[in-house]
Amino acid sequence: MAMLRNTKIMDRADLAGRLIARLRHDEAVIGGIGYANFDVFGAGHRPQNFYMLGSMGLAVPIALGLALAQPQRGVVAVEGDGSLLMQLGSLATVASVAPANLTIVVLDNAAYQITGGQPTATASAADLVEIARGAGLVKSAWAADESDFERLLVEALAGPGPSLIGTRIAPSAPQRQTPREPARIKDAFMLGLGTKSPF
Amino acid sequence: MSDNPQRSAWHEPVIRALKANGVRLVVYVPDNVLRPLLGAVAADPHFTSFAAAREEEAVGIVAGACMGGMRGIVLMQTSGFATLANVLASLVVACQIPVLLMISERGTLGEFNPGQALVCRTMRPVLDSLAIEHHTLTRLHETEFMVDRAARQAFQTQMPAALILSPMLTGGKPSG
């Protein structure tokens, strides 16, 4: 059964570009496994970006830990619907710990796009924003369109959070792939955060 | 078991060693044996501690904190460790993030649950196959040294480390 939704189906690369363009304070971005981090990388590499290669579902937990370690820095987790469905408990943990500097952006294409477009539960029944609200994330909303996404994002970044923004995206593939070098990605990220210094 | 002073005090040297190594974040999925440690860190303002819904979530949280400059440890039971092979391989080992793991060992020395006994047999082979340094804590007088040195090595080498709490140290879970 298709659900009645009044949210626009948007383009993932366009949304990633809008997200990165709104970051003005060296916010950290955790790009979830697969297309989510390809989108973040595709929008232009920043030293404060972390790209996941495995550990599906952990963008939100990694962002939560970082938000606790650096309470003065805004932290954004960008996660897909398939990944978030794998770690729904993390939404309850975030709500309970309640870091003021954490924003979660969900890119929901209702499919495991990277493995051939098999439908996720959001294609038929599940609503991730309702799930987030039920987990206790009261500042959770679907973005109706691109300008609504930017409005919600600016609000979320201004805080206090935690906040979750749901976006519905079309089933397209990202333009670029992130380099597959986990230790280098971590080192570059820590240099960008100032928690590691160059030689 | 709690009338044995050795077995009721094992958490104190653990806390001293964690503090000596600047560990401030404790994320756990609880276990009966861990109770004295969980209670002590919750009561100590040096630590930020809370429960995660799953062990791999806890590893992600501590990994994120670690990259942000805050050292942390994940506390769990043997059965929870068994859910971690993928996240350890793909996040913690691959990225070289010094996440500390402390595992309350069930499934040996008096276990009553056959499932626990079986899953316990997978723990050390998984740690060995991922080349994760691990030590089993069995004696109170060695505990502070082992936790301190294992943590120190983890942070110096930027690699994870696992500390296994043997029933010989903690008394284990009373037989059901």
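Quantities reported herein were computed from a predicted structural model and do not represent experimental measurements.

Cut-off values and rules
- Residues numbered from 1 in each chain as written.
- Chains lettered and ligands numbered in written order.
- Predicted model: local features only at pLDDT ≥ 70, side-chain atom pairs only at ≥ 80, totals over all residues.
- Helix = DSSP H or I, 4+ residues; strand = E, 2+ residues; numbered from the N terminus.
- Rg over C-alpha atoms; globule rule 2.2 N^0.38 Å.
- Buried ≥ 20, exposed ≤ 12 C-beta atoms within 10 Å, placed from the backbone.
- Contact = placed C-beta atoms within 7 Å.
- Nonpolar A, V, L, I, M, F, W, Y, C, P; charged D, E, K, R; others polar.
- Expected span 1.5 Å × (residues − 1).
- Arc of directions from axis to C-beta.
- Axes fitted to C-alpha atoms, helices over the stretch in contact; angles between N-to-C directions.
- Parallel < 35°, antiparallel > 145°, perpendicular 65-115°, else oblique.
- Left-handed = near helix turned anticlockwise from the far one by under 90°.

**So, the overall build of chain B**
Helices and strands together make up the secondary structure of chain B, namely nine helices and six strands. Relative to a compact globule of 176 residues, whose C-alpha radius of gyration would be 16 Å, chain B shows 15 Å and is just as compact. Per-residue burial for chain B yields a buried fraction of 48% across its 176 residues. Across chain B, every contact between residues at least 6 apart in sequence was considered, and the portion connecting residues at least 24 apart equals 77%.

**Comments concerning the interface of chain B and chain A**
Between chain B and chain A, the contact holds 26 residues from the first and 27 residues from the second. Secondary structure elements with two or more residues in the side of chain B that touches chain A: strand S2 (48-51), helix H4 (55-67) and helix H6 (85-93) of chain B. Here the element with the most residues in the side of chain B that touches chain A is H4 of chain B; it accounts for nine residues. Tallied by class, residues from the side of chain B that touches chain A come to 15 nonpolar, eight polar and three charged.

**With respect to H4 of chain B**
All names here are of chain B. For H4, with 13 residues, the first-to-last C-alpha span of 19 Å sits near the 18 Å given by 1.5 Å per residue. Taking burial as the measure, the 13 residues of H4 include 13 buried ones, the bulk of the element. Where H4 terminates, the next one or two residues include Gly69, which has phi positive at roughly 95°.

**Looking at helix H7 (residues 146-158) of chain A**
All names here are of chain A. The terminal C-alpha atoms of H7 lie 18 Å apart, and with 13 residues this matches the ideal 18 Å at 1.5 Å per residue to within 8%. All buried positions along H7 are accounted for by Phe149, Leu152, Leu153 and Ala156. Looking down the long axis of H7, one finds its buried residues gathered within 100° of arc, a one-sided arrangement. Facing away from the buried side of H7 by over 90 degrees, the exposed positions are Ser147, Val154 and Ala158. Summarising the contacts, the buried residues of H7 are in contact with helix H1 (12-21), strand S5 (102-108), strand S8 (140-142) and strand S9 (163-169). Positive backbone phi, approximately 70°, marks Gly159, located one or two places after H7.

**Digging into the packing of helix H2 (residues 11-20) of chain B against helix H8 (residues 140-157) of chain B**
Pairs of packed helices are described in terms of their axes, by the angle between the two and the distance that separates them. Residue and element names in this part refer to chain B. Packing of H2 against H8 brings their axes to within 8 Å, and their N-to-C directions diverge by 30°. As judged from the angle between their axes, H2 and H8 are roughly parallel. In terms of crossing hand, the pair formed by H2 and H8 is right-handed. Every residue of H8 that contacts H2 at Pro13, Val14, Arg16, Ala17, Leu18 and Ala20 is listed here: Thr143, Glu144, Val147, Asp148 and Ala151. The residue makeup of the contact of H2 with H8, split by class, is seven nonpolar, one polar and three charged.

**Considering unusual backbone geometry**
Residues and elements named next belong to chain A. A cis amide bond, omega -5°, links Gly159 with the succeeding residue Pro160. That bond from Gly161 to Pro162 is cis: its omega, 5°, falls within 30 degrees of zero. By the element assignment, Pro162 lies in the loop between H7 and S9. At Asp26, a residue that is not glycine, the phi angle is positive and equals roughly 50°. Note on placement: Asp26 falls in the loop between H1 and strand S2 (28-31).

**Points about the environment of Val138 of chain A**
Residue and element names in this part refer to chain A. Positionally, Val138 belongs in the loop between helix H6 (128-135) and S8. For Val138, a count of 11 C-beta atoms within 10 Å translates into the label exposed. Considering only alpha carbons, one finds Val138 and Gly42, 96 residues apart in sequence, at a separation of 31 Å.

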